[in-house]
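Structural description and commentary
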Amino acid sequence: MNIPKEYSIDSPFHYNSFLINGELTLWDGPTADVHSTIHTPNAAGTLAPTYLGSVPNMDAAHALKALDAASNAFDKGKGEWPTMKVADRIACMERFVTLMKIQRDTIVKLLMWEIGKNLKDSEKEFDRTVDYIVDTINEYKDIDRDSAKFHNHGGVFAHIRRGPIGVVLCLGPYNYPLNETFALLIPAIIMGNTAVFKPAKHGVLLIAPLLKAFKESFPPGVVNIVFGRGRTIATPIMKTGEIDVLALIGHSTSALSLQDLHPKKNRLRLVLGLEAKNPAIILPDADMDKTVQECIAGTLSFNGQRCTALKILYVHEEVREEFLSKFTKAVDALQLGMPWDNTLLTPLPEPNKPDYIQELIDDAKAKGAKVLNPRGGERTENYIFPAVLYPVTRDMRVYEEEQFGPVIPVMSFTDIDTPLDDMAASSYGQQVSLFGKDIEKLGPLIDTLANLVCRVNLNSSCQRGPDVYPFTGRKDSAVSTLSVRDALRSFSIRTFLATKDTDSNKEILRELLDSHKSNFISTDYML
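This write-up is about the structure you can find in this document. Each residue is numbered by its place in its chain's sequence as written, counting from 1. Owing to the predicted nature of the model, reporting of local features is limited to residues with pLDDT of at least 70; listing and counting of side-chain atom pairs is limited to 80 or more, with chain, interface and lining totals taken over all residues. Just so you know, side-chain values use all the structure's heavy atoms and leave hydrogens and water out.

Quick look at the sheet that holds strand S13 (residues 278–282) now. In short, DSSP must find at least two bridges between two strands for them to pair. Elements are defined by DSSP. Helices are runs of H or I of four residues or more, strands are runs of E of two residues or more, and each kind is numbered from the N terminus. In space, the 7 strands of this open sheet follow the order S15-S18-S19-S14-S13-S21-S22, with mixed pairing throughout. At either margin of the open sheet sits one strand with a lone partner, and together these are strand S15 (370–371) and strand S22 (455–458). Relative to strand S19 (residues 407–413), strand S18 (residues 387–390) runs parallel, the two sharing 3 bridges. Pairing of Ala 387 across the sheet is with Val 407, part of S19. It only takes one pair of heavy atoms within 4.5 Å for two residues to be counted as in contact. What counts as an axis is a line fitted to C-alpha atoms, over the stretch in contact for a helix, and the angles between N-to-C directions run from 0 to 180 degrees. Strands S13, strand S14 (310–316), S18 and S19 of the sheet are contacted by helix H10 (residues 320–332), whose axis makes an angle of about 160° with S18.

Structure representation (structure tokens):
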């Protein structure tokens, strides 16, 4: 294997520190080995999963210690961080993003090795995350500017701002371990909350280089980072009832089980990005070449390991043969390569994923589907080539389950109510891709689809960005909205000072503003 020198793993990354209460502490307990599914020669000269390094495998006692640090830093709203001036919190965040940029090369390399993301997308994930932080800072400034005034209605003065909620438990996903994790963590802390953050099982090493940046940028206890198994870390934390916000991107079963552990669920705010089964609907008048191109990107970017991936294709019977002919040829023309080769298809990060995809293929074949592309289902030790399955029926696992990998179920229809009824009955409602040109048909369809999902993509594949647009879902696909502005609102609550419009109260307000004795009461305009 020819590995470019700048991307080779010359020696394992052994990260043996964790961040609690502003202290980087060495871990002397058990560790968890981290392997890449990318095979390289081992000491014996045979190809095997690449040993990348190790991270602490921490216990419940340290999880609770991290929670105590976050709780003490928030101090029921009295702490230094939640009462700090907005400008000072922003200055902390600006320092963090400056320090973060220094680690770009290391994090990009680890993204490729840990989760198999290709070089282009790994660089994009890092750069997009930096842009997200900068945009969040600028959006927070806008929110603060809008709040720098007093209202007077019905004889009552009001000074309205957005304030923090409390302590956040942040759990990110493996497929975007930097970007989607920080899409939770960054708005949470900049709004004045404190956090306990546990990285995902895959994509864990790449967080470690940022621990020092967090330590040097924020007051003690604001950001606490611990490593270990989700159940070991998250379970005791949730049982205490001290978590005010559960911020999780993952599966709804995990979100439900964690909620059930909380003794006061009515006080628990949820910010959740969950699973989806986004369909494409291909109408008879669709531009077929463009549709095939978008469906390739939608189904197989990062091997389909995205919640926004197209996970089922509905093709009108009139164009079924044309679409499937072009689509299967396009799928089989794709190249499988290493992340630094910048191929669309790269090794799967989960060792058991090829077996799972094989189960879906076998189940579909046993129930009448065929693998239409000749290369579909080809196996290597760390990959299974995308299989296009048709005809798919509702009793097949691949119809019901979110496959999160390289298998593409296809259904045909003659009546548009077929895909619409399926979407209405589905447990999910994130996005849809609609391909067609006839506005007489598109108009009413869009009206219906907008009530079934939260984003209708016209003649384009589903996606999350740009990050200024709302990202959410209906039913089991999401709770709360994530985007640059919406995330700041999700992790905060409107709070305000009110007083009756009297001469004495107005004088007190003037004195408060002139004295700068309150960080909350301020009409300063942030530049």
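A word on the sheet that holds strand S6 (residues 151–153). Across the sheet, which stays open at both edges, the 3 strands sit in the order S6-S7-S25 with antiparallel pairing between neighbours. Edge positions in the open sheet fall to S6 and strand S25 (492–500), since each of these has one partner strand only. The mean inter-strand angle of the sheet, taken between neighbouring strand axes irrespective of direction, is 35°. Bridge analysis of strand S7 (residues 156–164) against S25 gives 9 bridges, and the strand direction is antiparallel. Pairing of Arg 161 across the sheet is with Thr 495, part of S25.

Given a rise of 1.5 Å per residue, 16 residues ought to cover 22 Å, and the 23 Å separating the end C-alpha atoms of helix H2 (residues 86–101) matches this to within 8%. Categorising residues by exposure relies on relative accessible area from a 1.4 Å probe, with only protein chains included: less than 20% of the type maximum marks a residue as buried, more than 50% marks it as exposed, and the intermediate range marks it as partly exposed. Taken as a whole, H2 has its buried residues at Val 86, Arg 89, Ile 90, Cys 92, Met 93, Phe 96, Val 97, Leu 99 and Met 100. Looking at the buried residues of H2, the elements they touch are helix H3 (104–115), helix H4 (119–147), S7, helix H5 (179–190) and helix H6 (211–217). For a helix, the expected span equals 1.5 Å multiplied by the residue count minus one.

Time to look at the pairing of strand S3 (residues 23–26). With 4 bridges connecting them, strand S2 (residues 17–20) and S3 associate as antiparallel partners. In the strand pairing of S3, Ser 17 is matched with Leu 26. Count of turn residues in the S2/S3 antiparallel hairpin: 2 residues, of which Asn 21 carries a positive phi of about 55°.

A few words on unusual backbone geometry. Of note, the amide linkage connecting Tyr 390 to Pro 391 takes the cis form, showing an omega dihedral of -5°. Here Pro 391 is to be found in the loop between S18 and helix H12 (397–400). Residue Pro 466 is reached from Gly 465 by a cis peptide bond, and omega for that bond is -10°. Assignment of secondary structure puts Pro 466 in the loop between S22 and strand S23 (474–475). We note that Asn 21 has phi near 55°; this positive angle belongs to a residue other than glycine. Mapped onto the secondary structure, Asn 21 falls in the loop between S2 and S3. On the basis of relative accessibility, which here comes to 40%, the residue Asn 21 falls in the partly exposed class. Of note, Lys 475 is a non-glycine position whose phi angle comes to about 55°, a positive value. For Lys 475, a relative accessible area of 39% translates into the label partly exposed.

Whether two aromatic rings pair depends on their centres lying within 6.5 Å, for rings of Phe, Tyr and Trp, where Trp uses its six-membered ring; planes under 30 degrees apart make the pair stacked, over 60 edge-to-face, and the rest tilted. Within this structure, the stated rule accounts for 11 aromatic pairs. Relative to Phe 214, the ring of Phe 182 has its centre 6.0 Å away and its plane inclined at 70°; by these criteria the two rings are edge-to-face. Highlighted residues: Phe 182 in helix H5 and Phe 214 in helix H6, separated in sequence by 32 residues. When sorted by exposure, Phe 182 lands in the same class as Phe 214, which is buried. What links up through ring pairs into an aromatic cluster is the set Trp 81, Phe 96, Phe 182, Phe 214 and Phe 218. To sit over a ring, a charge needs its Lys NZ or Arg CZ within 6 Å of the ring centre and within 35 degrees of the ring normal. Directly above the ring of Tyr 176 sits Lys 117, whose terminal nitrogen or CZ lies 3.6 Å from the centroid.

Here we take up the environment of Asn 278. Considering the arrangement of structural elements, one finds Asn 278 in strand S13. Measuring from C-alpha to C-alpha, the distance between Asn 278 and Ser 433 comes to 7.8 Å, with 155 residues separating the pair along the chain. When near neighbours in sequence (up to four residues on either side) are disregarded, Asn 278 contacts Cys 307, Thr 308, Ala 309, Leu 310, Lys 311, Ile 312, Gln 430, Gln 431 and Cys 462. Residues adjacent in sequence count toward polar contacts only when both atoms are side-chain atoms; beyond that, a polar contact is any pair of N or O atoms within 3.5 Å, and within protein one must be able to donate a hydrogen and the other to accept it. At 3.0 Å, the side chain of Asn 278 forms a polar contact with the backbone nitrogen of Gln 431.

Okay, the environment of Val 432 next. Along the chain, the position of Val 432 falls in strand S21 (residues 431–435). C-alpha separation for the pair Val 432 and Leu 458, spaced 26 residues apart in sequence, amounts to 8.6 Å.

Here the focus is the pattern of salt bridges. By salt bridge we mean one thing: a side-chain nitrogen of Lys or Arg within 4 Å of a carboxyl oxygen of Asp or Glu. Counting across every chain of the model gives 27 salt bridges. For Arg 397, the salt bridge goes to Glu 359, with nearest N and O atoms at 3.3 Å. In this pair, Arg 397 sits in helix H12 while Glu 359 sits in helix H11 (residues 353–366), placing the two residues 38 residues apart along the sequence. Taken together, the shared-partner salt bridges connect Arg 128, Glu 180, Arg 464 and Asp 467 into one network.

So, about the environment of Gln 335. Note on placement: Gln 335 falls in the loop between H10 and H11. Looking at Gln 335, the relative accessible area reads 53%, which means it is exposed. Once you skip the residues sitting within four places of it in the chain, Gln 335 turns out to touch Thr 343, Leu 344 and Leu 345. At 3.4 Å, the side chain of Gln 335 forms a polar contact with the backbone oxygen of Ala 333.

Moving on, we come to the pairing of strand S11 (residues 245–249). Within S11, 5 of the 5 residues are buried, which leaves it mostly tucked inside the rest of the structure. On S11, burial covers both faces: Val 245, Ala 247 and Ile 249 on one face and Leu 246 and Leu 248 on the other are all buried. Where strand S8 (residues 167–171) and S11 come together, 4 bridges link them in parallel fashion. Following the sheet pairing, Val 168 is matched in S11 by Val 245. Sheet topology note: the S11/strand S12 (residues 269–273) ladder contains 5 bridges and is parallel. Bridge assignment links Val 245 to a residue of S12, and that residue is Arg 269. Here the term right-handed applies to a crossover when the path leading from its first strand over the helix to its second strand runs clockwise, the strands being oriented away from the viewer. One crossover worth recording links S11 to the parallel S12 by way of helix H8 (residues 252–261), and it is right-handed.

What follows deals with the nonpolar core. Residues belong to a common nonpolar core when they are buried Ala, Val, Leu, Ile, Met, Phe, Trp, Tyr or Cys residues joined through side-chain atoms within 4.5 Å. Residues Phe 96, Phe 182, Phe 214 and Phe 218 are the most contacted members of the largest nonpolar core, which totals 105 residues. Counting 55 residues, the second-largest nonpolar core is a separate cluster that includes Val 292, Leu 420, Leu 442 and Val 453.

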